[in-house]
Amino acid sequence: MINKNFKSSLQHIEFQVIWRRLISIVEDQARTLMKTAFSPVVRESGDLSAAVFDPQGRMLAQAITGTPGHVNSTAAAVPHFLSEYPPAELKPGDHLITNDPWIASGHLHDVTVVSPVFLADRLIALFACTCHQLDIGGLGQGPDGKSVYEEGLYIPVMKLVDRGEVNQDLLRIIEGNVRTPYEVRGDILSYVAANETSGVKLLDMMREYGLDNLDYTGNEIIERSRQGMLEEIRKLPKGTTHNSITLDGYDKPVEIVCALTVADDEISIDFAGSTEASTKGINLVLNYTQAYANYGIRCVVGAHIPNNTGSLSPIKISAPEGSILNVQRPWPVCARHIIGQFLPDAVMGCLAQLLPEKVPAEGASSLWGVQIRGGPEVDASCNYDNPSADGRRYEMLIFNSGGTGARPDQDGMSATGFPSGVRAMPVEVVENMGPVVIWRKELLADSCGAGKWRGGLGQVVEVGTIDESPFLLFAMFDRTANPARGRMGGEDGKVGTVRVKHGKTLNPKGVQLIEPGQRLELLLPGGGGFGDKGQRNAAHREQDKLASLVSD
Amino acid sequence: MDRMVSLQGNLMADILSFGIAAFNSALYGRKATGRVPGLFDLQKTGMMVKSTYAGNGSSIQTCSTRTIPEYRVIQDEPGYLMSGEAIRIGIDTGGTFTDFALSRDGVFHTTKILTTHQAPELAIMQGLDDLMKATGCRPADAELIIHGTTLATNAVIEHKGARVAMLTTEGFRDVLELGSESRFDQYDLGLSKPAPLVPRQLRFTVSERLAADGSELLPLDLAAIEQVAEELKKHDIDSVAVCFLHSFINPEHEERAEQALRKHLPGIYISLSSRVAPEIREYERFSTTVANAYIQPLMDSYLKRLREGLKQAGFGCPLYMFVSNGGLVEVDVARQFPIRLVESGPAGGAVFASHVARIHQEDRILSFDMGGTTAKICLVDNAEPQKATLFEMARAHRFKQGSGLPARIPVIEMVEIGAGGGSIARVDSLGRITTGPDSAGSEPGPACYDLDGDEATVTDADLILGRLEAEGFADGSMRLNSEAARQAVRDKLAVPLHMDIPLAAYGVAEIVEEDMANAAREHATESGKSLTGRTLVAFGGAAPLHALSLAGKLGIKRVIVPAHAGVGSAIGFLLAPVAYELARSCHVRLTDFKPGVLNKLFKEMSEYAHGIVVSGAPGRERTEIRQAQMRYIGQGYSIAVDVPVGELLKNDAQSLQQAFDKAYINLYSKLHDGVDVEIVGVSVSVSAHLVFAQPAELAKTAVTAAGIPPEIDHGATLFDAQAGAYADVNVYSRHALQPGNYIPGPILVRDKGTTVMVPQGHAVTVAGDDSLIIERE
């Protein structure tokens, strides 16, 4: 009764178990990193990556995290490490590091640590993690650097730990160049510990299954995942579609132009025609452009297939060198997420033409983070040399989200981040961190685009200080001139507004002073609608009116 | 201040009685003299070690180095003395069955009947009647009834609570809707967030505002509350939640709003956020308060009816409610804070496992409860299940974190994954076997139930592998159809995988076990604990079939399958202490340590918790555990560190720092030198064990005895994947096994409703409490 091929069946079952285990190991690592991180965007939005690679630099498994910026940028990074340090030069106890924006995820704040794993002196795998730092020196996190040199400390690919010996010189240089040396040092060393722990788990598993390499496992994972993606791609209508999106930009509008082609065995996206590089730090390196564009596709095509070199390979993304989506050193890149967050909208606009019933309308997309500074630098009445409790300098970043686009079968989500996975901080926590008072934070009626399904609503946020002292606003808000567009006859969402309460309208970009006693008022954009509003279900319309979300 | 020392000092004096002492000595290897006036209480002082400081003032965070637990016998005082015939009854109202466990002199009698959803008290009265008849007891003999129920949970899940309104700070009408402004699934474009329990039109705002330090920025507009009261009348509101910003630090506005509402609406239920969950983070606090308001009228009337019914039936004894943190509270506390009844059933299972740990003297166990649809995993150290302070109710996607409504209540921390006997197995587009999270349930059920189910399930795989037998399933009430199982596994798995049926079935078992193992590993990492060296305690219908493979994957060498595993929760209720736990937020830096704030908070909380526990357990020894939530300034997650009971002094900053360092290293291996540490919250837990007797559960009497093997019931075959063939095994009937029996594997032990699989290379020993102890040889 038992087939004599049962050994191969058994090996196959074992392979499936090992695949699950690899994913579990990197997920576990990502969660630990979130818990220990000092950087708020790591712990609140999962701005990190954890992945395992084979000795050829192929990514076998990656943790699903909250920001799409790492979807394939980590996958792209490890081969660079291996070309700097070929396997023959790696020894047990080594850990490599870089924060090169062009190797990993697009700005200096992201530090990547790669750690080889050895079994009987043979390299069998590498673990990599990339995490955002609280500070990396330079001007601080914002778009105001004129080149990458002003944006902070650059760490080329090098050994952070050499056969168990930590490179103290490097750590001292890092500590001497950042505003929060203890935290940054602690974070970086915790990546080493995290990679090492994952390595031990991998070796445990290999012992359990009597494996001495991951060759069979790696080949199977990559081939099956690639085939899985190809199968999804083959289900799509073939052809090329075009889309363009206009964004407010920093000082002038930015145009994202893209063409998406579905062929038999690949999806390719070309961003030719997009705006040239900006003098502000809102430019993207190609890795990062690919990550966000890839995410937009994967939300629609093959979302259930795990990220690895195999599943990423059938998607090809290009952008002309010198455009805002593919700059070279030393263009400034620090605040690249502002443009990056619109790339899913751009590529999904192409996919919508092929799959009209599967793709949502556009949403607010860009996070509305309120970055403010107060204290002696802002308020002349404070004494900088002798800061009292009231006179302390403070700097805060408060995340807020507008509405997402309506879906083909339901409304958009109100005040919800997409594509970013950021989590908003509770008002009570914010008010404990600095002398601010959030006077209002609630849904903004009528901000959504109407449709058979309406967009998600934006929100209104009102910020003042407890002692009515002035503060500086570092404005970085988009969709104040260009709304989230509706789809299939759905209406556009409302654009956002930045203003002083009962006062003047402010510029959505750049540094501005909020005078003593004034409050900042933000009206966040809503998502676009889907389908003709005449077809909206009467009960839903009534419910919206009853709840005062929509006035007619 | 040092409770532990005094307890140990009194240990010998407290140990009493000949019979009991003999038992105690047999059980724990201690010699004891004295006599027992009535009943006694066993408490493991190891659990108290956790709560106290050693003499030098440094906190003892864990007790993992202790191997031999010490127990003490506490003399009972008049209260709930258990006379010869006195009995205690545990009742667990679940979604399908209501389980009963009656203990008389430590001997359990159990039964289960179908839950009556419209009026759950009917099933309870019926079951009690059955139980009285079966045992020959009289209602008047009952000294205590302990009850846990899913009624509260279900009301939230099914949106069947009261018409509830919310009164909140102007400008913050949508806190419940905004939540964390994030999505719980990064790739699902079609996800829906859970709808708030109060629709927007019933969320009213009023002008008032407190600052972060509790001072008043805007006065409370009482006139506006009058208008809101009119609106509530108009809308026929039964229950209202009052939720103001920063009320956890200053409840005055909420309390004045309550008075004003009461004046206008005398009969209305009112829940204040400053009472229900007085902790920072408005979304969690408001969500908890609204849920409390939502279920309060329902639970109140149910508990009144139940109490009335019990009284009429002659049960004059007290009724206690089993709550989510594994403790007991009086009915009146439960009526005030019904939110604490949520998720109490699974907690009962964890308490049951802890009890098994206690009587088997297992320091570190992994509790593994696997039923028809889910598996629940809980870490239990020193017979104390791990606790958490946040729970998610009514998840839109049951196994996705963040898809539910948060409730900030003390709970036993468990991971629940969609892996049960009924979990459906499939092959996905990448050729991967997947199991669950959806389940075939009981109808149509697995293919082998022969109820027209054509999906292949874990149970079908177990049947094919020979782990489960076709005959004798569910106490012999059901015969499983092997051919239907084979057909389902062939069609859904073997054909797409190009495998033989038994190997495909083996693949299903492997995958479901790997999923559970990964969940356990990730849970352990998150908790900063290790799995190595733990003992697995397996209960629930499907657990004994998979426990040994799971243990193998986790490097666990010892598995205990306790008796009465099918009604574990109800038994757990009987073993739970009267306990109350509360938490408050605060902000204290260690570098600028001001003990006054902490002392005041601890004192208030401690008095409150002792007040609740003393009324539920008068005259009982109470244990108090104090903890501080600590973190490096700048971090987002905090960890719990034990704090001594008693006045804190300025120089305690140093010992707190040491305790934090130790806990942090334990969790994350490395410290951050030079970064300040802060306390962001404190908690107090007070508990008192009631009487419990267990002379029948002499777990240790015969563990090592190689007793005479019992008779083989019959023979069967079990699939051996490594050999690729079926091999003969002997099958024993569990009720034929005697304490002291020792049988090497491979064998099967057929039990009520399930089968215990003892693989090759393992052996089973029957313990004095009828537990099966399975160890790797």
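Just so we're clear, the structure is a prediction, and the values are computed from it rather than from any experiment.

Chemist: Even after reading the chapter, I still don't get the overall build of chain A, so can you show me in this structure?
Modeler: Looking only at helices and strands, chain A features 12 helices and 19 strands. Judged by the C-alpha coordinates and their principal axes, chain A covers about 80 × 65 × 40 Å. For chain A, buried positions account for 59% of its 552 residues. For chain A, restricting intrachain contacts to residue pairs at least 6 apart in sequence, the fraction spanning at least 24 positions comes to 75%.

Chemist: When you look at the overall build of chain B in this model, what are you seeing that I'm missing?
Modeler: Broken down by element type, chain B carries 21 helices and 37 strands. Pairs at least 24 apart in sequence give 69% of the contacts found in chain B among residues at least 6 apart.

Chemist: Mind showing me how you'd approach helix α6 (residues 215-234) of chain A here?
Modeler: Every α-helix winds through 3.6 residues per turn, so residues three or four apart in the chain are directed the same way. Residues and elements named next belong to chain A. End to end, α6 covers 28 Å across 20 residues, agreeing with the expected 28 Å (1.5 Å per residue, within 8%). All of the buried residues in α6 are T217, G218, E220, I221, I222, R224, S225, R226, G228, M229, E232 and I233. For α6, the elements touching its buried residues are α1 (6-36), β2 (59-62), β9 (254-262), β10 (267-270) and α8 (309-312).

Chemist: Help me understand the domain arrangement of chain A, please; the structure alone is not making it clear to me.
Modeler: The parts lose accessible area when they come together, and the size of an interface is often stated as this lost area. Residue and element names in this part refer to chain A. Annotation of chain A at the domain level lists domain 1 (6-225) and domain 2 (360-552). For domain 1 and domain 2, the distance between their C-alpha centroids amounts to 35 Å. Residue-level contacts link 8 residues of domain 1 with 8 residues of domain 2. Looking at the side of domain 1 that touches domain 2 residue by residue, the class counts come to 2 nonpolar, 5 polar and 1 charged.

Chemist: I keep staring at the sheet that holds strand β1 (residues 48-53) of chain A and nothing clicks. Help me out?
Modeler: All names here are of chain A. Spatially, the 7 strands line up as an open sheet ordered β2-β1-β5-β4-β3-β6-β7, and their pairing is antiparallel. Across the chains shown, the open sheet's two edge strands, defined by having one partner strand only, are β2 and β7 (165-166). Two elements, strand β6 (residues 158-162) and β7, share 2 bridges in a ladder whose sense is antiparallel. Paired with D162 across the strands is E165, a residue of β7.

Chemist: Would you explain the pairing of strand β32 (residues 725-733) of chain B in this entry?
Modeler: Across a regular strand the side chains alternate sides, sitting on one face of the sheet and then on the other. All names here are of chain B. Relative to β32, strand β31 (residues 714-720) runs antiparallel, the two being bridged by 7 bridges. When the sheet's bridge partners are listed, D720 is paired in β32 with A725. The turn joining β31 and β32, which pair antiparallel and follow one another in sequence, is formed by 4 residues; a positive phi near 70 degrees is taken by G724. Relative to strand β34 (residues 747-751), β32 runs parallel, the two being bridged by 4 bridges. Bridge pairing in β34 places S733 opposite R750.

Chemist: Got a minute to help me understand the nonpolar core in this structure?
Modeler: The tendency in soluble globular proteins is for nonpolar side chains to be buried side by side. Core analysis: the biggest nonpolar cluster contains 377 residues, and V347(A), V164(B), V240(B), V290(B), F368(B), V489(B) and V508(B) have the highest contact counts within it. A per-element tally of this core places helix α17 (residues 501-527) of chain B first, with 13 residues. Among all residues touching V508(B), those that are not within four sequence positions of it are A425(B), I433(B), T435(B), V458(B), A461(B) and L493(B).

Chemist: What should I look at first to understand helix α3 (residues 73-84) of chain A in this one?
Modeler: For α3(A), built from 12 residues, the straight-helix expectation of 16 Å at 1.5 Å per residue is met to within 8% by its first-to-last C-alpha distance of 17 Å. Listed in full, the buried residues belonging to α3(A) are S73(A), T74(A), A75(A), A76(A), A77(A), V78(A), F81(A) and L82(A).

Chemist: Is there a simple way to think about the pairing of strand β37 (residues 772-776) of chain B in this case?
Modeler: Residue and element names in this part refer to chain B. Bridge count for strand β26 (residues 558-561) against β37 is 4 bridges, and the pairing is antiparallel. Residue pairing in the sheet places V559 in a bridge with I774 of β37. Here 5 bridges tie strand β36 (residues 762-766) to β37, and the two strands are oriented antiparallel to one another. If you follow H762 over to β37, its bridge partner there is R776. Between β36 and β37, which pair antiparallel one after the other, the connecting turn spans 5 residues, and D770 there sits at a positive phi close to 70 degrees.

Chemist: I keep staring at the sheet that holds strand β8 (residues 239-247) of chain A and nothing clicks. Help me out?
Modeler: Working definition: the strands of a sheet are paired by backbone hydrogen bonds and lie parallel or antiparallel to each other. Residue and element names in this part refer to chain A. Spatially, the 4 strands line up as an open sheet ordered β8-β9-β10-β11, and their pairing is mixed. Edge positions in the open sheet fall to β8 and β11 (315-318), since each of these has one partner strand only. The average angle at which neighbouring strand axes cross in this sheet is 15 degrees, direction not considered. Here β10 pairs with β11 via 4 bridges, running parallel. When the bridges of β11 are listed, D270 appears paired with S318.

Chemist: Got a minute to help me understand the packing of helix α14 (residues 458-465) of chain B against α17(B) in this structure?
Modeler: For any two helices packed against each other, one specifies the crossing angle of their axes together with the interaxial distance. All names here are of chain B. Where α14 meets α17, the closest approach of the two axes is 9 Å, and the angle between their N-to-C directions is 130 degrees. One way to sum up the angle between α14 and α17 is to call them oblique. α14 and α17 meet at a crossing whose hand is left-handed. Along its contact with α14, which presents V458, A461, D462, I464 and L465, the element α17 presents I501, P502, A505, Y506, V508, A509 and V512.

Chemist: What's the story with the interface of chain B and chain A in this structure? I'm lost.
Modeler: Listed per partner, the contact involves 61 residues of chain B and 68 residues of chain A. The set of elements that each furnish at least two residues to the side of chain B that touches chain A consists of α7 (175-178), α11 (282-312) and α17 of chain B. It is α17(B) that contributes the most residues to the side of chain B that touches chain A, 11 residues altogether.

Chemist: Could you clarify how one ought to interpret the environment of T197(A) in this entry?
Modeler: All names here are of chain A. Note on placement: T197 falls in helix α5 (residues 181-208). Given 18 C-beta atoms within a 10 Å radius, T197 is considered partly exposed. In sequence terms T197 and R485 are 288 residues apart; their C-alpha atoms lie 46 Å from each other.

Chemist: Looking at this structure, I do not really get the environment of K252(A). What am I missing?
Modeler: Mapping K252(A) onto the fold places it in the loop between β8 and β9. Spatially, the C-alpha atom of K252(A) lies 32 Å from that of P356(A), the residues being 104 residues apart in sequence.

Chemist: Honestly, the packing of helix α16 (residues 482-497) of chain B against α17(B) in this entry has me stumped. Any pointers?
Modeler: Residue and element names in this part refer to chain B. Between α16 and α17, the least distance of the axes is 9 Å, while the angle of their chain directions is 85 degrees. Taken together, α16 and α17 sit at an angle that is classed as roughly perpendicular. Along its contact with α16, which presents R486, V489, R490, L493, A494 and L497, the element α17 presents I501, A504, A505, G507 and V508.

Chemist: Sorry, what's going on with unusual backbone geometry here?
Modeler: The bulk of non-glycine residues show a negative phi, and the bulk of peptide bonds are trans. Along the chain, F418(A) connects to P419(A) via a cis peptide bond; the corresponding omega equals 5 degrees. Here P419(A) shows up in the loop between β13 (394-398) and α11 (427-433). You will see that E181(B), though not glycine, has its phi angle at about 60 degrees, which is positive. Locating E181(B) in the fold gives a position in the loop between α7 and β8 (203-206). Here E181(B) falls in the buried class, since 23 other C-beta atoms lie within 10 Å of it. Phi angles above zero are rare outside glycine, and H498(B) is one such case at about 55 degrees. Residue position: H498(B) is located in the loop between α16 and α17.

What counts, and at which threshold
- Residues numbered from 1 in each chain as written.
- Chains lettered and ligands numbered in written order.
- Predicted model: local features only at pLDDT ≥ 70, side-chain atom pairs only at ≥ 80, totals over all residues.
- Helix = DSSP H or I, 4+ residues; strand = E, 2+ residues; numbered from the N terminus.
- Buried ≥ 20, exposed ≤ 12 C-beta atoms within 10 Å, placed from the backbone.
- Contact = placed C-beta atoms within 7 Å.
- Expected span 1.5 Å × (residues − 1).
- Domains from an automatic or database assignment.
- Nonpolar A, V, L, I, M, F, W, Y, C, P; charged D, E, K, R; others polar.
- Pairing = 2+ DSSP bridges.
- Core = buried A, V, L, I, M, F, W, Y, C linked by C-beta atoms within 7 Å.
- Axes fitted to C-alpha atoms, helices over the stretch in contact; angles between N-to-C directions.
- Parallel < 35°, antiparallel > 145°, perpendicular 65-115°, else oblique.
- Left-handed = near helix turned anticlockwise from the far one by under 90°.

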